[in-house]
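Commentary on secondary and tertiary structure
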Amino acid sequence: MAGPSNVLRTSGGITSTNAQIKVACGYKPAFVHVVNQTTNTALVWNAGMPQDSGLRTSGSATGAQFITTSGIKTYEDSTGEGFTIEPGGPVNPAGGNNLYWAAFRGDGSPGN
């Protein structure tokens, strides 16, 4: 039987701006998933990937694509900790799009 999970999860919804979106979730996430409902596009990032990158998937025939700019970045500064959704990318291409995100922080133990 598995013990209690040490994974911290947060989620929310925001409107895209085509400017950097700063999401203050209270920790530096190890995994981020962002969905743009308006464009039917998603971006997945994990701590093993470079900053400002992600795996883009969309409902179009183009399939999945690894991007190296306009992706997800984590931050830790005087305002707190969290991640940013960079402008001009697959999930933040223009203002007024409906975005939904989920962020996870594991403790590095097996199963988390």
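This text follows the structure it describes.
Overview of the structure. (Residues numbered from 1 in each chain as written. Predicted model: local features only at pLDDT ≥ 70, side-chain atom pairs only at ≥ 80, totals over all residues. Heavy atoms only, no water.)

Turning next to the overall build of the protein chain. Along the protein chain, the regular secondary structure elements total 0 helices and 8 strands. Listed by position from the N terminus, the elements making up the protein chain come as β-β-β-β-β-β-β-β. Taken across its 112 residues, the protein chain has 34% of its residues classed as buried. For the protein chain, restricting intrachain contacts to residue pairs at least 6 apart in sequence, the fraction spanning at least 24 positions comes to 59%. Carbon and sulfur atoms provide 53% of the accessible area of the protein chain, an area that totals close to 6000 Å². (Helix = DSSP H or I, 4+ residues; strand = E, 2+ residues; numbered from the N terminus. Buried < 20%, exposed > 50% of the residue type's maximum accessible area, 1.4 Å probe, protein only. Contact = heavy atoms within 4.5 Å. Areas by Shrake-Rupley, 256 points an atom, 1.4 Å probe, with all protein chains shown as cover.)

What follows concerns the packing of aromatic side chains. Tallied over the entire structure, the rule returns 2 aromatic pairs. Geometrically, the ring pair formed by Phe31 and Phe104 is tilted, given 5.7 Å between the ring centres and 55 degrees between the ring planes. You can see Phe31 sitting in strand 3 (residues 31–36) and its partner Phe104 sitting in strand 8 (residues 95–105), a full 73 residues away along the chain. A relative accessible area of 31% means that Phe31 is categorised as partly exposed. Judged by relative accessible area, Phe104 falls into the partly exposed class, the value being 26%. (Phe/Tyr/Trp six-rings, centres within 6.5 Å; stacked < 30°, edge-to-face > 60°.)

Looking now at the pairing of strand 5 (residues 53–58). Pairing of strand 4 (residues 41–46) with strand 5, which is carried by 4 bridges, proceeds in the antiparallel orientation. Paired with Leu43 across the two strands is Arg56, which belongs to strand 5. Where strand 4 folds back onto strand 5 in an antiparallel hairpin, the turn is made up of 6 residues, including Asp52, whose phi is positive at roughly 70 degrees. Sheet topology note: the strand 5/strand 6 (residues 65–77) ladder contains 4 bridges and is antiparallel. From the neighbouring strand, Arg56 faces strand 6, where its bridge partner is Gln65. (Pairing = 2+ DSSP bridges.)

Moving on to the side chain of Asn97. With respect to the secondary-structure elements, Asn97 resides in strand 8. In terms of polar contacts, Asn97 uses its side chain to reach the backbone carbonyl oxygen of Ala94, at 3.5 Å. Setting aside residues no more than four positions away along its own chain, Asn97 makes contact with Ile14, Thr15, Ser16, Asn36, Thr38 and Thr39. (Polar contact = N/O pair within 3.5 Å; in protein donor to acceptor, adjacent residues only side chain to side chain.)

The next subject is the side chain of Ser53. Note on placement: Ser53 falls in strand 5. Judged by its relative accessible area of 1%, Ser53 falls in the buried class. A polar side-chain atom of Ser53 sits 2.5 Å from the main-chain carbonyl oxygen of Pro50. Aside from chain neighbours lying at most four places away, what touches Ser53 is Trp45, Phe66, Ile67, Thr68, Gly71 and Ile72.

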